[in-house]
Every structure is written in structure tokens, then in C-alpha cells.
Amino acid sequence: MARYTGAVEKLERRLGVSLALKGERRLAGKSALDKRPYAPGQHGQRRAKISDYGLHLREKQKAKFMYGLSEKQFRRLFSEAARKDGNTGELLVTLLEQRLDNVVYRMGFATTRRFARQLVTHGHVLVNGKRVDIPSYRVAEGQKIEIAEKTKQNPQVVRAVELTNQTGIVAWVDVDKDKKFGIFTRIPQRAELTIPVEERYIVELYSK
């Protein structure tokens, strides 16, 4: 399955949860999910019974769409997490959090992961002073993530940084808002991540 490029607000309504796909509209309470908190379509307001498989699949879809991965990318990342020692679900989440596009988003340089991915692929992000244009690049502890000089005054980047005064910045990054750079100080613990995903269901889905 290719990466989803359709209407993201309709997707959030289908899954019944905000996946932080619309940035400022979500913060302002203007997202479609806020206005119509039910599934899209003629029968969207009917309460549908979901099967166990459907429940497991929905959690995978949440994680996949929230972080912007294709099915192949997500499956590969899960396989890597499963090979490691420890809780597979928690390892999967931390691997997702280490993606460069996600770190750019977490540092507040983009209002959505989709825009963060665009910044990376277009060459507007530096890692330890070197341009990296691969969104899936895995950021290591202590690495410096910086917006390229020519992009620091981009209105969307400036606005995203301004919004961090309202939303705050996560504890595992250290950010200089004026100079538009940050340090990925450590890998976050699962308990610190407020994401609407039950990763244990993803593990159960792939274990069948």
C-alpha cells in the first residue's frame, strides 16, 4: 500500500481520533473531527460493531498514518523492533519517534509531520551540519538538528515555532527557537508519549 495522500481530516473522522495531521486547524478547534465527531459517509453516525481484527487493524492504521509511513515501511520497522530485546510495541514506538521528520516536528519547526517530511525531502534540514534529505533517517542521541539558513525565515517555519508557546516542546529535545536548531538529547520513554495508539494490538496483529 502506498503512502496515503487523500483527505486527512476524513481519515481522522474514520478512525475517530486526532492524529495531529492538520496542525493549526486542530489547535484552533476547527478540524473536521471537532465539528463532526463521527465517521464520514451516509451511515457515519451509526454505531458500528467492530471485530477483534478490526480493532487490531485500526491501531496499526493510526500509527501508520500518524507517522506517515507506507505499509512496507511500517512492516519493516516492526520487524526490526521484533528482533530486538525488550517490549516490541514500545520499541516500535521509539523507532518511529527517532525518524528525522518526526524529530523536526517534535522540535516545533513544523506544525505537522507531513510538513516536516517536506522540509527534509526538499533539503531544508541539517543533521550535525550536513544536509540530510531522507525522512526515515534515524536520529541518534546528541545529534544536532537545524533548519537550513535560507529556510529559517520561512513563514510556515516561523509560525510553527510561534505555536510552541501554546503547545510546548517535548522534554527529550533541547531547542533554540531563535536560531532554529535543536539537540535530540535522548530517546523518549513510552510513558512520555501521548499518542492515541495501543501498540500492543499492533504486535498481536502481526503475530497472528
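Residues numbered from 1 in each chain as written. Predicted model: local features only at pLDDT ≥ 70, side-chain atom pairs only at ≥ 80, totals over all residues. Heavy atoms only, no water.

A. Summary view of the packing of helix H5 (residues 71-83) against helix H6 (residues 88-97). One way to put it is that H5 packs onto H6 with a least axis distance of 8 Å and a crossing angle of 125°. Considered as vectors, H5 and H6 are oriented oblique to each other. The handedness of the crossing between H5 and H6 is right-handed. Side by side, H5 and H6 meet where Phe74, Leu77, Phe78, Glu80, Ala81 and Ala82 of the first sit next to Thr88, Leu91, Leu92, Leu95 and Leu96 of the second. (Axes fitted to C-alpha atoms, helices over the stretch in contact; angles between N-to-C directions. Helix = DSSP H or I, 4+ residues; strand = E, 2+ residues; numbered from the N terminus. Parallel < 35°, antiparallel > 145°, perpendicular 65-115°, else oblique. Left-handed = near helix turned anticlockwise from the far one by under 90°. Contact = heavy atoms within 4.5 Å.)

B. Broad picture of the nonpolar core. If you look at the biggest cluster of nonpolar residues, it comprises 41 residues, and the most contacted ones within it are Leu100, Val104 and Ile145. Top contributing element to this core by residue count: H6, with five residues. Formed jointly, this core draws a minimum of three residues from each of two domains, domain 1 (8-96 + 196-207) and domain 2 (100-184). Every residue in contact with Leu100, bar those within four places of it in the chain, is listed here: Val120, Val125, Val127, Val132, Ile134, Pro135, Tyr137, Val139 and Ile145. (Core = buried A, V, L, I, M, F, W, Y, C linked by side-chain atoms within 4.5 Å. Buried < 20%, exposed > 50% of the residue type's maximum accessible area, 1.4 Å probe, protein only. Domains from an automatic or database assignment.)

C. Structural context of the packing of helix H4 (residues 52-67) against helix H10 (residues 199-207). Close contact between H4 and H10 brings their axes to 8 Å; oriented N to C, the two are set at 115°. Handedness of the H4/H10 crossing: left-handed. Counted together, Tyr53, Leu55, His56, Leu57, Glu59, Lys60 and Ala63 of H4 and Tyr201, Ile202, Glu204, Leu205 and Tyr206 of H10 form the full contact between these two elements. By residue class, the composition of the contact of H4 with H10 is eight nonpolar, one polar and three charged. (Nonpolar A, V, L, I, M, F, W, Y, C, P; charged D, E, K, R; others polar.)

D. Region of interest: the pattern of salt bridges. Evaluation of the coordinates by the stated rule reveals 14 salt bridges. Here Glu146 ties to Lys144 by a salt bridge, and the two come within 3.9 Å at their closest N and O atoms. Residue Arg159 pairs with Glu162 through a salt bridge whose shortest N-O separation is 3.3 Å. Of this pair, Arg159 and Glu162 both sit in helix H9 (residues 155-167), three residues apart, which is roughly one turn of the helix. Through salt bridges with shared partners, one network takes in Lys144, Glu146, Glu149 and Lys152. (Salt bridge = Lys/Arg side-chain N within 4 Å of Asp/Glu carboxyl O.)

E. Structural context of the environment of His56. Structurally, the position occupied by His56 is in helix H4. Filtering out sequence-adjacent residues up to four positions away, His56 remains in contact with Tyr201, Glu204, Leu205 and Lys208. Within the local environment of His56, its side chain forms a polar contact with the side chain of Glu204, the two groups lying 2.6 Å apart. (Polar contact = N/O pair within 3.5 Å; in protein donor to acceptor, adjacent residues only side chain to side chain.)

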